[in-house]
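# An overview of the molecular structure
What follows is the residue order along each chain.
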Amino acid sequence: MAHLDSEVKEECLREDLRFYFMNPCEKFRARQQIPWKMGLQILKIVMVTTQLIRFGLSNQLVVAFKEENTAAFKHLFLKGYSGSDEDDYSCSVYTQEDTYDSIFFAINQFHRLRNLSLGTLGYGESEDNRIALKVCKQHYKKGTMFPSNETLNIDSDIEIDCIHLDLEALSKDPQDWKNSSFFRLEFYRLLQIDISFQLKGIDLQTIHSRELPDCYVFQNMIIFDNKAHSGKIKIYFNSDAKIEECKDLKISGSIQKNTQYVLVFDAFVIVICLASLILCTRSIVLALRLRKRFLKFFLEKYKRHVCNADQREFINQWYILVIISDLLTISGSVLKMEIKAKNLTNYNLCSILLGTSTLFVWVGVIRYLGYFQAYNVLILTMQASLPKVLRFCACAGMIYLGYTFCGWIVLGPYHNKFENLNTVAECLFSLVNGDDMYATFAHIQQKSHLVWLFSRLYLYSFISLFIYMILSLFIAIITDSYDTIKKYQQNGFPATDLQEFLKECSSKEKCQEESPAFLSSICCLRSGHKNTQLKSPDVRSLTDDCPSRCAQNPFVWRPH
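The structure displayed is predicted, hence computed values, not measured ones.

## Some remarks on the overall build of the protein chain
Each helix and strand in the protein chain was counted, giving 17 helices and 9 strands. Out of the 560 residues belonging to the protein chain, those deemed buried represent 42%. At a minimum sequence separation of 6, the contacts of the protein chain that also span at least 24 residues come to 73%. Of the roughly 31,000 Å² of accessible surface on the protein chain, 58% is carried by carbon and sulfur atoms.

## Some words on the UniProt feature "transmembrane region" (unreviewed entry) in the protein chain
Summarizing the sequence annotation, UniProt attributes the feature "transmembrane region" (unreviewed entry) to residues 261–288, 318–335, 347–369, 389–411 and 457–478 in the numbering used throughout. Annotated as residues 261–288, this span is 100% helix and 0% strand, and its ends, taken at the C-alpha atoms, are 41 Å apart. What you have in residues 318–335 is 100% helix and 0% strand, and the ends, taken at the C-alpha atoms, are 26 Å apart.

## Comments concerning the state of the cysteines
Per the stated rule, a full pass over the model turns up 1 disulfide. The residue that forms a disulfide with Cys136 is Cys162, at a sulfur-sulfur distance of 2.0 Å. Taking the torsion about the sulfur-sulfur bond, which here is approximately 110°, the covalent link between Cys136 and Cys162 counts as right-handed. Highlighted residues: Cys136 in strand 3 (residues 132–140) and Cys162 in strand 6 (residues 158–166), separated in sequence by 26 residues. On the basis of relative accessible area, Cys136 is assigned to the buried category, the value being 11%.

## Some points on the layout of surface pockets
Quantified by volume, the second largest pocket comes out at close to 610 Å³. Surrounding the second largest pocket, 23 residues form its lining, Phe19, Lys27, Gln33, Arg282 and Leu286 being those nearest its centre. When contributions to the lining of the second largest pocket are tallied by element, the ones reaching two or more residues are helix 1 (2–20), helix 2 (24–31), helix 3 (36–77) and helix 8 (255–302). Sort the elements by how many residues they give to the lining of the second largest pocket and helix 8 lands first, with 8 residues. The residue inventory of the lining of the second largest pocket, partitioned by class, reads 12 nonpolar, 3 polar and 8 charged.

## With respect to the nonpolar core
Generally speaking, soluble globular proteins have nonpolar side chains that are buried together. One finds Phe77, Ile195 and Ile222 to be the most contacted residues of the largest nonpolar core, which totals 48 residues. Per-element tally for this core: the top contributor is helix 3, with 6 residues. Once residues lying within four places of it in the same chain are set aside, the contact partners of Ile222 are Phe77, Leu78, Ala106, Ile193, Asp194, Ile195, Phe197, Ile235, Tyr236 and Phe237.

## Topic: empty space enclosed by the protein
Taken as a whole and judged by the stated rule, the model has 1 cavity of 30 Å³ or more. Estimates place the volume of the largest cavity at around 110 Å³. What lines the largest cavity is a set of 13 residues, among which Gln41, Val322, Val361, Gly364 and Val365 lie closest to the centre. Counting residues per element, the ones that place at least two in the lining of the largest cavity are helix 3, helix 10 (317–340), helix 11 (347–363) and helix 12 (365–369). For the lining of the largest cavity, the element with the most residues is helix 10, which contributes 4 residues. Looking at the lining of the largest cavity residue by residue, the classes come out as 8 nonpolar, 3 polar and 2 charged.

## Observations concerning a negative patch on the surface
Residues Glu86, Asp87, Asp88 and Glu419 make up a contiguous surface patch of negative charge. Looking at the element boundaries, Asp87 is found in the loop between helix 3 and strand 1 (91–93).

## Re the pairing of strand 7 (residues 190–203)
By the criterion of burial, strand 7 is predominantly enclosed, with 12 of the 14 residues buried. Inspection of the sheet shows strand 2 (residues 121–123) paired to strand 7 by 3 bridges, in the antiparallel sense. Counterpart to Tyr123 in the pairing with strand 7 is Leu199. One ladder, built from 12 bridges, connects strand 7 with strand 8 (residues 214–225); its direction is antiparallel. Note on strand 8: the bridge partner recorded for Gln198 is Gln219.

## Description of the packing of aromatic side chains
Summed over the entire model, instances satisfying the criterion amount to 29 aromatic pairs. For the ring pair Phe77 and Phe197, a centre distance of 4.7 Å and an interplane angle of 50° mean the geometry is tilted. Within this pair, whereas Phe77 is found in helix 3, its partner Phe197 is found in strand 7, the two being separated by 120 residues in sequence. A single burial state applies to Phe77 and to Phe197, both of which are buried.

## Section: helix 14 (residues 421–432)
For helix 14, which comprises 12 residues, the first-to-last C-alpha distance of 17 Å matches the rise-based estimate of 16 Å (1.5 Å per residue) to within 8%. The N-terminus of helix 14 is capped by Asn420, whose side-chain oxygen sits 3.2 Å from the backbone nitrogen of Asn422. Positive phi appears at Gly434, one or two residues downstream of helix 14, with a value of about 80°.

## Comments concerning helix 2
For helix 2, the complete set of buried residues consists of Pro24, Glu26, Lys27 and Ala30. For helix 2, the angular spread of buried residues about the axis comes to 160°, placing them on one side. Of the residues trailing helix 2, Gln32 is marked for its positive phi of about 55°.

## A look at the packing of helix 3 against helix 11
At a minimum axis separation of 10 Å, helix 3 and helix 11 run at an interaxial angle of 150°. When the axes of helix 3 and helix 11 are compared, the pair comes out roughly antiparallel. Of the two possible hands of crossing, helix 3 and helix 11 adopt the one that is left-handed. Here Lys44, Ile45, Val48, Thr49, Gln51, Leu52, Phe55, Ser58, Asn59 and Val62 of helix 3 lie close against helix 11, whose contacting residues are Tyr347, Cys350, Ser351, Leu354, Gly355, Ser357, Thr358, Val361 and Trp362. Its residues placed into classes, the contact of helix 3 with helix 11 shows 10 nonpolar, 8 polar and 1 charged.

## Observations regarding the environment of Leu40
Looking at the secondary structure, you find Leu40 in helix 3. Owing to a relative accessible area of 14%, Leu40 belongs among the buried residues under this scheme. With 233 residues separating them in the primary sequence, Leu40 and Cys273 have C-alpha atoms 8.8 Å apart. In this structure, Leu40 is in contact with Ile272, Ala275, Ser276 and Leu279, ignoring residues within four places of it in sequence.

## Digging into a nonpolar patch on the surface
On the surface, Met398, Ile399, Leu401, Phe405, Trp408, Ile409 and Leu421 cluster together into a nonpolar patch covering about 660 Å² of accessible area. In terms of residues, the nonpolar patch owes the most to one element, helix 13 (residues 373–411), which gives 6 residues. Following the sequence through the fold, Met398 ends up in helix 13.

Calculation criteria
Residues numbered from 1 in each chain as written. Predicted model: local features only at pLDDT ≥ 70, side-chain atom pairs only at ≥ 80, totals over all residues. Heavy atoms only, no water. Helix = DSSP H or I, 4+ residues; strand = E, 2+ residues; numbered from the N terminus. Buried < 20%, exposed > 50% of the residue type's maximum accessible area, 1.4 Å probe, protein only. Contact = heavy atoms within 4.5 Å. Areas by Shrake-Rupley, 256 points an atom, 1.4 Å probe, with all protein chains shown as cover. UniProt positions renumbered as here; feature names shortened; annotations may be inferred. Disulfide = S-S within 2.5 Å. 1 Å grid on protein atoms, 1.4 Å probe; cavity = no way out; pocket = protein on both sides within 12 Å on 5 of 7 lines; lining within 4 Å. Points joined across faces, edges and corners; volume = space filled by probe spheres on them. Nonpolar A, V, L, I, M, F, W, Y, C, P; charged D, E, K, R; others polar. Core = buried A, V, L, I, M, F, W, Y, C linked by side-chain atoms within 4.5 Å. Patch = residues over 30% accessible without salt bridge, like charges linked within 9 Å, V, L, I, M, F, W, Y side chains within 5 Å. Salt bridge = Lys/Arg side-chain N within 4 Å of Asp/Glu carboxyl O. Lys, Arg positive; Asp, Glu negative; His and termini not counted. Charge placed at Lys NZ, Arg CZ, Asp CG, Glu CD. Pairing = 2+ DSSP bridges. Phe/Tyr/Trp six-rings, centres within 6.5 Å; stacked < 30°, edge-to-face > 60°. Expected span 1.5 Å × (residues − 1). Polar contact = N/O pair within 3.5 Å; in protein donor to acceptor, adjacent residues only side chain to side chain. Arc of directions from axis to C-beta. Axes fitted to C-alpha atoms, helices over the stretch in contact; angles between N-to-C directions. Parallel < 35°, antiparallel > 145°, perpendicular 65-115°, else oblique. Left-handed = near helix turned anticlockwise from the far one by under 90°.

Next comes the structure, spelled out in structure tokens:
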């Protein structure tokens, strides 16, 4: 009797395992179980993508408004601005007279802003709640310098002096504040001049897209950088735009109704993602319970533990990806609703959350493509080659970092693409892909013959090593994995303990080989086994024999 109970227990476990490793279509054929998760994921793809597109269009308006206002500020407050930055700075001056003219020009433009600006701009209050413009200068404490005699006596301590010019002071005779002692500059001690002021504006272009407008606060700063004392003062313009809730909005029309529709749509997306999150979490919990049953049974019957590879087969990594995607979508949707209601203004964080979640949602589509053999080969190849590729990239990365540091320290002063580590890494990555090779060779300055010769040796060796050797080995690793997968599909995959257990038949059944319907399935369902006897008629096909080619193994793509 105990032996019969053991056989019944074993057969029940085998049936549960076979059913677990079926894809949704096979589960429907076996038990008429509707694939709720699959339908929910398809609906979620449509909903999340629609939500992302709507938010992306709104975010583009926000970014465009900030960039266009920054460009307008540069034309308004920088004298002689050409319309494009010279480098990482906006423009530069080379004489004392030009420096004074540029400073006074910015101050006068601030005073006349209401009569000059084409935008919806107004004055903002400074830190002390005054509508004023703040000018600060940094200079060495004291010192004397005689370059002709090569003598220098200077105190390296830095002093900072500031002056506030409000609209009332600027309305008076300009000579009163221009002739003040503050603007008597000693350029050999001068390090930096900062002109900071605050402006406010309203973005009205959102009304055309039936959205409530945003109110902006622009914290602007003009920096005259003379730290190099090279005879060239670089002028930087920095504008930090912050979105604030408008205090009093009175807009007639259908904008408010459109906002409510969008909020309802976002709420529906949250509900869909919550349902998906609950279903996937439930599936993982049930899978862990099934694994616990299998581990206990295997230890009792075979007196040994199941290998780690078989234990990992119970955890569907697609479910983990879906759960992460759902959490990101829910967080991003809540933040988007707050932004829509003008309670929060963090567009960047919201775009990161929604963009990443949409990426994961579309990556999850690969799971359903794995049901087809042609796509399954690609997915299996990626899965099998990934560990080898990561190990190879770790080794190649050491060489890449060596070239990065070497190029930065040697070629940095002579080539704009090697000025900092970030640009060096980007330049080398472009060379690996065959982009911009001639320009990289040609732009090196020939001021030093030794550096010029080194640059040739450096670039030729890097290109030869990475394109002809490292990339070829990289492709060979993926090709080897592809050949291995093709061979296994033709000759059968290596069997594991879990596969052998699923292929076993009870003493009353007759084991027969059948060709699989899907290579990725654990058990290939087939009808027509007249002699198969089950406890329940609705799971009759679950005891069909499981061919070795569709049994679970480390290389088989497992759609659930």
